[in-house]
Amino acid sequence: MLAEVHQRDGYPVNWPSRPDAWLTPPSLIASWVAELDGRTAGHVGLSRSGAGDAAPGLWSARAGVGVEATAVVNRLFVAPWARGHGIGALLLAQAVAEARERGLHPVLDVVASDTAATVLYERLGWHLLATVEQRWSPEQKVTVRCYAAAT
C-alpha cells in the first residue's frame, strides 16, 4: 500500500530502502492501521521528537516547555482506493488521543507541496506554527509546514 501511495502521491518524498524500518523508526511510541472491507486502508504513527523534526522545537518554544512534552504524528497515509471515507481523520484522531493520554502535545511536519495533507490538518483545526526550509541531504532542500494540534 505504501508503494501505491508513493507512486500516486510522491509520499514519502524519498522512497526508503527498507519500508518496514521507515514505518517503525526507533522513536516510535505507537502506530495504527485502518482497515476497510477487510483490506489495509491506512496507517499513522506517533513518535518522540527526532533529528530533523522542526515542529516539536517550534511548539516547545511557544509553550515554554521542552520538546519531550511533544509527540510527533507521522507516517500518515491512506490507500488511494480507500480515500473519501474519513480514514485519514480517524487515524489522526487516534494518534492525537494517544498523545494526549500520555500528557504530550501532538505536532507534525508536512512537505509544503502536499496540499491535500495541509487541507486535512487545517480543516481539523491544526495550527500552522511556521513554514521552514530543511536540508534532508547535501543535494536536497525541502520546504515543510509545521503544525500543532489545537489546545
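Here the structure is a predicted model, which is why all the values come from computation and not from measurement.

(A) Spatial organisation of the pairing of strand E5 (residues 127-137). Across 9 bridges, the pairing between E5 and strand E6 (residues 140-148) is antiparallel. Bridge pairing in E6 links Thr-131 to Arg-145.

(B) Local environment of the pattern of salt bridges. Under the defined criterion, the tally for this structure stands at 5 salt bridges. Taking the shortest distance from any N to any O, the salt bridge between Asp-9 and Arg-8 comes out at 4.0 Å. Residue Arg-8 is classed as exposed on the basis of its relative accessible area of 57%. Of the charged contacts, one joins Arg-18 and Asp-20 as a salt bridge, the two residues approaching to 3.0 Å between their closest N and O atoms. For Asp-20, a relative accessible area of 46% gives the class partly exposed. In this structure, a network of salt bridges that share partners links the residues Arg-8, Asp-9 and Arg-83.

(C) Highlighting the sheet that holds strand E2 (residues 39-47). What the 6 strands build is an open sheet, ordered E1-E2-E3-E4-E6-E5; its pairing is mixed. Every interior strand has two partners, whereas the edge strands, strand E1 (28-36) and E5, have only one. On average, each strand axis in the sheet is tilted by 30° relative to the strand beside it, whichever way the strands run. Sheet analysis places E2 next to strand E3 (residues 70-78), joined by 5 bridges and oriented antiparallel.

What counts, and at which threshold
Residues numbered from 1 in each chain as written. Predicted model: local features only at pLDDT ≥ 70, side-chain atom pairs only at ≥ 80, totals over all residues. Heavy atoms only, no water. Pairing = 2+ DSSP bridges. Helix = DSSP H or I, 4+ residues; strand = E, 2+ residues; numbered from the N terminus. Salt bridge = Lys/Arg side-chain N within 4 Å of Asp/Glu carboxyl O. Buried < 20%, exposed > 50% of the residue type's maximum accessible area, 1.4 Å probe, protein only. Axes fitted to C-alpha atoms, helices over the stretch in contact; angles between N-to-C directions.

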